[in-house]
Amino acid sequence: MNAVSVQNLKKYYGPVHALDGLNMEVAPGAVYGFLGPNGAGKTTTLRLLTGLAIPTSGTAQVAGVDVFKMRNRLAPHIGHLPEEPAFYPWMTPREFLDYLGGLYGLNGAALLARRKELLALVRMEDVSKRRIAGFSRGMRQRLGVAAALIHHPEVLFLDEPASALDPAGRKEVLDLIEGLRGQCTVVMSTHILADVERVCDVVGIINKGRMVVQAGRQELLERYAIPAFELEADDHAALTQWSEKLPRLPWVSGVTPQNGSIRVIVKDTRAAKQNLLKQAIEAGLILNRFEEVRPSLEDVFLQLVGTESVS
Amino acid sequence: MNFIKVLRKEMMEQWRTYRFLIILAVLVVFGMTSPLLTKFMPQMFKAIPGMTPELLNAMPAPSVQEAVGQYVKSMNQFGILLAILTTMGIVVQEKERGTAAFFLTRPVSRETFLLAKFSAQTVTFFAGVLIAALGSWYYTDVLFEPLAWGPFLALNGLMLLAFMLYIALALLGSAIARSQGTAIGISISAGIVVAVLGALPSIGNYFPARLFTWGTMLVLGAPDSAWPALVVTIGIMIAALLAACLIFRRQEI
């Protein structure tokens with residue numbers, strides 16, 4: 001049984017189709033990157049899967065619980081970190097975690113131990129008795145992670161967990177998420193490709209309320225990668241002149257000049273590896289760089305979603 | 001689901017955000033000082049330069065009836081105002097701030113979320129009315145004559161019930177609204193509607209304003225009863241709470 005399973009989920013706000021038949025499957029234990037441009041429907045999906053919103057139609061199961069029929073039974077199974085976690089400013093982290101732990105039935109020594117463990121995990125022991133009112137965005141985000149984990153949830157939903165943080169804060173939160181691998185299923189929505197590339201092993205790309213593709217990160221890179229090589233030379237004119245002959249070769253499908261270099265898109269990587277460098281040397285070119293281009297998630301994303309709203 | 005834990009958090013919030021102290025202070029000050037004002041008002045007026053003997057004679061002589069009347073009037077005005085003002089933002093503020101979304105994915109049902117807030121407000125008003133009543137009873141005893149405990153308790157119980165109705169109406173407004181402005185509009189409008197209906201001679205006997213008169217009459221030993229008003233008040237309060245729960249349960253946060 002999958003940790004998250006969504007079938008034909010629709011959410012309409014009047015004429016706006018925020019979700020338009022979304023299907024999604026997340027295996028237990030996966031760190032799932034839910035990727036999409038702004039307004040693609042990521043937050044709406046998470047709000048639906050955590051019981052905060054009501055769908056127009058469709059079904060969803062999280063940790064075996066039917067989200068829309070048994071909303072009240074969902075809470076013990078999930079952890080949720082909204083994009084901007086909100087707290088009671090008059091509370092301290094210690095009081096806050098104790099309150100939350102109590103709601104999940106933790107008490108006494110077990111609660112004390114869990115609170116201590118989480119405060120250490122998010123490195124907030126020093127400020128555990130300070131009012132939350134004065135906390136920075138990064139501190140709130142870290143406390144939000146601790147709050148989402150207090151009851152060892154089976155599925156953890158994180159909505160843009162690092163998008164508004166500075167580089168140091170982002171690294172901290174991503175390290176935390178990476179550390180959760182194997183402990184629970186993580187569904188992380190984001191529009192930051194680098195974050196997904198860093199921590200997620202499965203990726204779902206959503207656009208205009210529909211799932212465009214869903215696969216393992218490596219599989220996705222391989223499936224959508226364009227086999228290409230980049231060559232760079234000081235004598236750019238000679239390089240360009242030589243490259244004009246390349247499309248005639250049977251294993252080359254195209255050549256794109258770039259800033260000071262060329263990108264050769266090939267049909268047969270093996271033949272390209274055997275011949276391309278050899279032919280360049282034979283043509284008398286002195287190369288600064290010859291590289292097989294490693295496809296990035298950004299390349300895949302741009303192919304599938306387009307360029308209009310990529311951050 | 002977790003009602004006691006959420007109620008405890010609500011009470012802590014009332015204390016830390018000074019809401020408890022503000023409600024207590026206003027009710028105690030206006031309730032407790034009513035017999036004092038009644039007693040010393042004529043003397044205060046006498047001290048105003050240019051006050052004519054005709055005007056002074058027109059003022060009612062201080063009496064226990066006047067003291068009780070002043071107490072009920074003050075508690076009526078300030079209690080209802082406080083009930084609406086301190087309740088109308090308590091749900092909508094959490095929706096706007098995001099704490100509602102954060103907590104409603106926890107094992108806290110939406111009904112618990114609302115009813116814990118209603119209960120916390122009721123506890124605070126109970127404490128305020130209790131201390132105000134004790135102070136008023138004490139000063140009335142010292143300055144005029146002792147009041148019978150039973151009827152005075154009944155008066156305060158009826159007043160508390162009326163405040164609970166206004167708390168329930170403001171909570172309904174706060175649960176329905178998506179913004180503070182709308183919550184203020186709904187809560188104040190609901191309060192005005194109930195007050196205006198209570199002032200109409202034809203149906204006024206069935207509305208909460210009648211509870212204040214009934215309580216006053218009980219204290220002064222006059223024969224009176226307003227059971228229909230009591231039933232209607234409890235009925236509206238339960239209906240408002242039910243409506244708030246039903247609407248909030250279906251609401252997207």
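Residues numbered from 1 in each chain as written. Chains lettered and ligands numbered in written order. Predicted model: local features only at pLDDT ≥ 70, side-chain atom pairs only at ≥ 80, totals over all residues. Heavy atoms only, no water.

### Brief notes about the overall build of chain B
Right, on to step 1. Broken down by element type, chain B carries eleven helices and zero strands.
Right, on to step 2. Mapped from its N terminus to its C terminus, chain B presents α and β elements in the order α-α-α-α-α-α-α-α-α-α-α.
Right, on to step 3. The dimensions of chain B, computed from C-alpha atoms along their principal axes, are 65 × 40 × 35 Å.
Right, on to step 4. Classification of the 253 residues of chain B by burial places 51% in the buried group.
Right, on to step 5. Across chain B, every contact between residues at least 6 apart in sequence was considered, and the portion connecting residues at least 24 apart equals 80%.
Right, on to step 6. Summed over all atoms, the accessible surface of chain B reaches about 11200 Å², with 72% contributed by carbon and sulfur.
Right, on to step 7. Of note, chain B has its 17 positive side-chain charges centred 11 Å away from the centre of its 11 negative side-chain charges. (Helix = DSSP H or I, 4+ residues; strand = E, 2+ residues; numbered from the N terminus. Buried < 20%, exposed > 50% of the residue type's maximum accessible area, 1.4 Å probe, protein only. Contact = heavy atoms within 4.5 Å. Areas by Shrake-Rupley, 256 points an atom, 1.4 Å probe, with all protein chains shown as cover. Lys, Arg positive; Asp, Glu negative; His and termini not counted. Charge placed at Lys NZ, Arg CZ, Asp CG, Glu CD.)

### Regarding the pattern of salt bridges
Right, on to step 1. Scanning all chains against the criterion turns up 25 salt bridges over all chains.
Right, on to step 2. Glu95 of chain A is paired through a salt bridge with Arg16 of chain B; the nearest N and O atoms lie 2.5 Å apart. Of this pair, Glu95 of chain A sits in helix α2 (residues 93–103) while Arg16 of chain B sits in helix α1 (residues 3–16), placing the two residues on different chains.
Right, on to step 3. Look at Arg16 of chain B and you get partly exposed, because its relative accessible area is 22%.
Right, on to step 4. The salt bridge involving Lys117 of chain B is made with Glu10 of chain B; its shortest N-O contact spans 2.9 Å. With Lys117 of chain B in helix α7 (residues 110–143) and Glu10 of chain B in helix α1, this residue pair connects regions lying 107 residues apart in the sequence. (Salt bridge = Lys/Arg side-chain N within 4 Å of Asp/Glu carboxyl O.)

### Regarding the pairing of strand β3 (residues 31–35) of chain A
Remember that side chains alternate between the two faces of the sheet whenever the strand is regular.
Residue and element names in this part refer to chain A.
Right, on to step 1. Where burial is concerned, most of β3 is hidden: five out of the five residues are buried.
Right, on to step 2. Side chains Val31, Gly33 and Leu35 of β3 all project onto a buried face; the interleaved residues Tyr32 and Phe34 project onto the opposite face, where all are buried too.
Right, on to step 3. Summarising the sheet, β3 and strand β8 (residues 185–190) pair through five bridges and their orientation is parallel. Along β8, the bridge assignment pairs Val31 with Val186.
Right, on to step 4. Note: β3 against strand β9 (residues 202–207), four bridges, orientation parallel. Bridge assignment links Tyr32 to a residue of β9, and that residue is Val202. (Pairing = 2+ DSSP bridges.)

### Description of the state of the cysteines
Residues and elements named next belong to chain A.
Right, on to step 1. Enumeration according to the criterion identifies zero disulfides over all chains in this entry.
Right, on to step 2. Cysteine Cys184 shares no disulfide, and the gap to the nearest cysteine sulfur, in Cys200, comes to 13 Å.
Right, on to step 3. Overall, the relative accessible area of 1% leaves Cys200 in the buried class. (Disulfide = S-S within 2.5 Å.)

### Notes on the packing of helix α7 (residues 217–224) of chain A against helix α10 (residues 297–305) of chain A
All names here are of chain A.
Right, on to step 1. The N-to-C vectors of α7 and α10 enclose an angle of 60°; their axes lie 9 Å apart at closest approach. As for how α7 packs across α10, the hand of that crossing is left-handed. Where α7 approaches α10, its residues Leu220, Leu221 and Tyr224 are matched on the opposing element by Leu297, Val300, Gln303 and Leu304.
Right, on to step 2. Across the contact of α7 with α10, the residue classes break down as six nonpolar, one polar and no charged. (Axes fitted to C-alpha atoms, helices over the stretch in contact; angles between N-to-C directions. Left-handed = near helix turned anticlockwise from the far one by under 90°. Nonpolar A, V, L, I, M, F, W, Y, C, P; charged D, E, K, R; others polar.)

### A look at the packing of aromatic side chains
Right, on to step 1. Using the criterion set out here, one finds 19 aromatic pairs over all chains in the structure.
Right, on to step 2. Look at Phe113 of chain B and Phe248 of chain B: their rings are 5.6 Å apart centre to centre, the planes differ by 20°, and that puts the pair in the stacked class. Remark: Phe248 of chain B occurs in helix α11 (residues 227–250) and Phe113 of chain B occurs in helix α7; sequence separation between them is 135 residues. Accessibility assignment for this pair places Phe113 of chain B and Phe248 of chain B in one class, buried.
Right, on to step 3. Chaining the aromatic ring pairs together yields one cluster made of Phe87, Tyr88, Trp90, Phe96 and Tyr99 of chain A together with Phe102 and Phe103 of chain B. (Phe/Tyr/Trp six-rings, centres within 6.5 Å; stacked < 30°, edge-to-face > 60°.)

### What to know about the interface of chain B and chain A
Right, on to step 1. The interface of chain B with chain A comprises 27 residues on the first partner and 32 residues on the second.
Right, on to step 2. Counting across the chain B and chain A interface gives three salt bridges.
Right, on to step 3. Glu252 of chain B is the salt-bridge partner of Arg47 of chain A, the closest N and O atoms lying 3.6 Å from each other.
Right, on to step 4. Counting the contacts that link chain B with chain A gives 14 residue pairs in polar contact (both at pLDDT 80 or more).
Right, on to step 5. For the side of chain B that touches chain A, the elements supplying multiple residues, two or more each, are α1, α5 (92–97), α6 (99–103) and α11 of chain B. (Polar contact = N/O pair within 3.5 Å; in protein donor to acceptor, adjacent residues only side chain to side chain.)

### Details of the confidence of the model for chain B
Parts of the prediction with low pLDDT should not have their coordinates interpreted in detail.
Right, on to step 1. Considering every residue of chain B, the mean pLDDT works out to 92; 100% of them sit at 70 or more.
Right, on to step 2. Here the prediction assigns the complex a pTM of 0.85, and the interface score ipTM is 0.86. (pLDDT = per-residue confidence, 0-100.)

### Quick word on a nonpolar patch on the surface
All names here are of chain B.
Right, on to step 1. The grouping of Ile184, Ile188, Ile192, Val196, Leu200, Ile203 and Tyr206 at the surface amounts to a nonpolar patch, some 550 Å² of accessible area in total.
Right, on to step 2. Along the polypeptide, Ile184 turns up in helix α9 (residues 180–199).
Right, on to step 3. Ile184 gets classed as partly exposed once you look at its relative accessible area, which sits at 35%. (Patch = residues over 30% accessible without salt bridge, like charges linked within 9 Å, V, L, I, M, F, W, Y side chains within 5 Å.)

### Quick word on the sheet that holds strand β6 (residues 78–81) of chain A
Residue and element names in this part refer to chain A.
Right, on to step 1. Strand order in the open sheet formed by six strands is β6-β7-β8-β3-β9-β10, and the pairing between neighbours is mixed. Among the strands making up the open sheet, the edge pair consists of β6 and β10 (210–216). Averaged over all pairs of adjacent strands, the angle between their axes in this sheet comes to 15°, without regard to strand direction.
Right, on to step 2. Sheet topology note: the β6/strand β7 (residues 155–159) ladder contains four bridges and is parallel. Residue pairing across strands places His80 opposite Phe157, the latter belonging to β7.
Right, on to step 3. Across the sheet, helix α4 (residues 137–149) touches β6 and β7, and the angle it forms with β6 is around 170°.

### Details of helix α2 (residues 19–46) of chain B
Residue and element names in this part refer to chain B.
Right, on to step 1. Under the 1.5 Å per step criterion, the end-to-end length of α2 is 38 Å for 28 residues, consistent within 8% with the ideal 40 Å.
Right, on to step 2. Taken as a whole, α2 carries its principal kink of about 50° at Phe40; the proline Pro42 stands between one and four residues after it.
Right, on to step 3. Residues Arg19, Phe20, Ile23, Leu24, Leu27, Val28, Gly31, Ser34, Pro35, Thr38 and Pro42 constitute the buried set of α2.
Right, on to step 4. Next to the buried residues of α2 lie α1, α3 (53–58), α4 (64–87) and α7. (Expected span 1.5 Å × (residues − 1). Bend = angle between axes of the 7 residues up to and from the residue.)

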